[in-house]
Amino acid sequence: MKTRTPISIYILVTIGLTIMAFEMFAHDSGYFSSPFFWGLMLIAIILLLIMNSIGDLIENQNFTKLSAEEKAEYLKDKNTPYFQKLWNSAFKKQSATEEKDILIDHGFDGITELDNSLPKWWIGLFYFGCIFCAVYLTAFAFTDYAHPEAELNHETKQMLASIEEYEKNAPQVTLETAKYSADNIAEGQELFKTNCVTCHGDNGKGGIGPNLTDTHWINVKQKSLFKNVIWMLENGSPNNPTMRPFIKEGTITGRDAEKIAAYIYHINQETAPITPAQGGAPPQGEEVKWENGNNE
C-alpha cells in the first residue's frame, strides 16, 4: 500500500492553479480583494480537507488488512518526509540488488540496460507543461489574456483616465499661466485637427480661415505668437464671428488651448511656411514680428 501525498501539497497546488486561472480569465487583476476569490479558495480548501479525511478512513481500513511485514514497511515509508522521498525518487541510485530486479534481459558486448522509471520530477514537469499549455491556449483563444492589442488598449484607457483625473484637479491654464512646451506639439496637432482644420486647413495652410504658417496676422492682441493664439482661442476674433471663443464656450479647456498654441507656434516659427504656390492661402492682415520668444 502506497502512502498518500500530504494534504498541504494539494492545498498549495490548488492555490497556485486558482491564481493562474484568475490571472488568465479574470478581467480585473485586483481579484485578491474580491470576496468571490477568497470564498472560492475557502470552499476548495474545505473540500480538500473532507477528501483527506475520507482518505484517512480508507487508509486505516486497508492498513488493518496488511501483514505484519507490510505494516512495518508501510510505517517506515510513511515516516519518511515527503520531500525526502521526492529527492530519493529523482536522484537516489539503486543498490546492486535492486538493479538485478530491473535488469532487462538483453545486452551487447557486456553492456546491459536497466528498466528505470522516469524521475517523478520530470514526469511532474511534463504533465504540468501539458496542462499549462492547454489552459494558456484556451485563455488566449477565448479571453484577452496575453493579447498585446488588448493589453495596449487597457493600458491606454488607464492612462487617459489618469490624465483626465489629473486635469480635473490640476490648476486651470489661463493666458497668464500658459507656457510653451515642445512636448505639447503632438497632442496640439490632434486637437487642431478636431477643432481648427475645417477653417484653417491641413497643417494650418489656410482655407476659409487665414494661413497660420506665414508672417501675416489679422488679429494681434499679444506680443508673442504663442500667447496671441491663446487669446484668440479664449476670446474669438473681433473681425470674424466664425472664429469663436472656444474656451469661453467650453468647447476646449485652457490646457487644450495651450497645446493648440504650441502646435501653431511650431508650424509658424519652427517650420517653413506653406506658400500659395504650395497650396497655402494668400497672406491676410499685417506682417508681424513677434517679440519675447514664445512665452511672454
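Here the structure is a predicted model, which is why all the values come from computation and not from measurement.

Enquirer: What is the right way to look at helix 1 (residues 7–25) in this model?
Expert: Since the α-helix advances by 3.6 residues per turn, residues separated by three or four positions end up pointing in the same direction. The end-to-end C-alpha separation of helix 1 is 27 Å, in line with the 27 Å expected for 19 residues at 1.5 Å each. Against the buried residues of helix 1 lie helix 2 (35–63), helix 4 (82–91) and helix 6 (120–142).

Enquirer: Any chance you could explain the UniProt feature "transmembrane region" (unreviewed entry) in the protein here in plain terms?
Expert: Per the UniProt record, "transmembrane region" (unreviewed entry) is found at residues 7–26, 32–51 and 121–142. The straight-line gap between the two end C-alpha atoms of residues 32–51 is 26 Å; of that span, 85% is helix and 0% is strand. Counted over residues 121–142, helix gives 100% and strand 0%. Its end C-alpha atoms are 31 Å apart.

Enquirer: Hey, could you run me through the domain arrangement of the protein in this one?
Expert: A common measure of how large an interface is: the accessible area buried when the components associate. The assigned domain composition of the protein is domain 1 (1–80) and domain 2 (182–287). For domain 1 versus domain 2, the distance between C-alpha centres works out to 70 Å.

Enquirer: Honestly, the packing of aromatic side chains in this entry has me stumped. Any pointers?
Expert: One pass over the structure, following the stated rule, counts 18 aromatic pairs. Measuring from centroid to centroid gives 5.6 Å for Trp122 and Phe126, while their planes differ by 5 degrees, and the two rings are stacked. Placement of both Trp122 and Phe126 in helix 6 is noted, with a separation of four residues, approximately one turn of the helix. Among the residues examined, Phe126 registers a relative accessible area of 43% and is labelled partly exposed. Plain terms: the ring middles of Tyr180 and Phe226 are 5.9 Å apart, the flat faces sit at 85 degrees to each other, and that makes the pair edge-to-face. Note that Tyr180 is positioned in the loop between helix 7 (148–169) and helix 8 (185–195) and Phe226 in helix 10 (residues 225–235), a separation of 46 residues in sequence. Exposure remark for Tyr180: the relative accessible area of 16% places this residue in the buried category. Here the aromatic cluster, defined as three or more aromatic residues joined through ring pairs, consists of Phe22, Tyr31, Phe32, Phe36, Phe37 and Trp38.

Enquirer: What's the story with the side chain of Ser224 in this structure? I'm lost.
Expert: Inspection of the secondary structure puts Ser224 in the loop between strand 3 (216–217) and helix 10. Here Lys227 takes part through its backbone nitrogen, which lies 3.1 Å from a polar atom of the side chain of Ser224.

Enquirer: It is not clear to me how unusual backbone geometry should be interpreted in this structure. Could you clarify?
Expert: Negative phi characterises most residues that are not glycine, and trans characterises most peptide bonds. Although it is not a glycine, Asn203 sits at a positive phi angle of roughly 60 degrees. Relative to the helices and strands, Asn203 resides in the loop between helix 9 (197–200) and strand 3.

Enquirer: What is the right way to read a nonpolar patch on the surface from this model?
Expert: Residues Trp87, Phe91, Leu118, Trp121, Trp122, Leu125, Phe126, Tyr127 and Ile131 make up a contiguous nonpolar surface patch of about 1,000 Å² in total accessible area. Taken together, the elements giving at least two residues each to the nonpolar patch come down to helix 4 and helix 6. If you tally residues by element for the nonpolar patch, the top one is helix 6, at six residues. Summarising the element assignment, Trp121 is placed in helix 6. Using a relative accessible area of 42% as the deciding quantity, one classes Trp121 as partly exposed.

Enquirer: Hey, could you run me through the packing of helix 10 against helix 12 (residues 254–269) in this one?
Expert: Taken N-terminus to C-terminus, the directions of helix 10 and helix 12 make an angle of 135 degrees; their axes are 9 Å apart at the nearest point. Judged by the angle between their axes, helix 10 and helix 12 are oblique. Note on packing geometry: the crossing formed by helix 10 with helix 12 is right-handed. Residues Leu225, Phe226, Val229, Ile230 and Leu233 of helix 10 pack against Ala257, Glu258, Ile260, Ala261, Ala262, Ile264, Tyr265, Asn268 and Gln269 of helix 12. In terms of residue class, the contact of helix 10 with helix 12 is made up of 11 nonpolar, two polar and one charged.

What counts and how
- Residues numbered from 1 in each chain as written.
- Predicted model: local features only at pLDDT ≥ 70, side-chain atom pairs only at ≥ 80, totals over all residues.
- Heavy atoms only, no water.
- Helix = DSSP H or I, 4+ residues; strand = E, 2+ residues; numbered from the N terminus.
- Expected span 1.5 Å × (residues − 1).
- Contact = heavy atoms within 4.5 Å.
- UniProt positions renumbered as here; feature names shortened; annotations may be inferred.
- Domains from an automatic or database assignment.
- Phe/Tyr/Trp six-rings, centres within 6.5 Å; stacked < 30°, edge-to-face > 60°.
- Buried < 20%, exposed > 50% of the residue type's maximum accessible area, 1.4 Å probe, protein only.
- Polar contact = N/O pair within 3.5 Å; in protein donor to acceptor, adjacent residues only side chain to side chain.
- Patch = residues over 30% accessible without salt bridge, like charges linked within 9 Å, V, L, I, M, F, W, Y side chains within 5 Å.
- Areas by Shrake-Rupley, 256 points an atom, 1.4 Å probe, with all protein chains shown as cover.
- Salt bridge = Lys/Arg side-chain N within 4 Å of Asp/Glu carboxyl O.
- Axes fitted to C-alpha atoms, helices over the stretch in contact; angles between N-to-C directions.
- Parallel < 35°, antiparallel > 145°, perpendicular 65-115°, else oblique.
- Left-handed = near helix turned anticlockwise from the far one by under 90°.
- Nonpolar A, V, L, I, M, F, W, Y, C, P; charged D, E, K, R; others polar.

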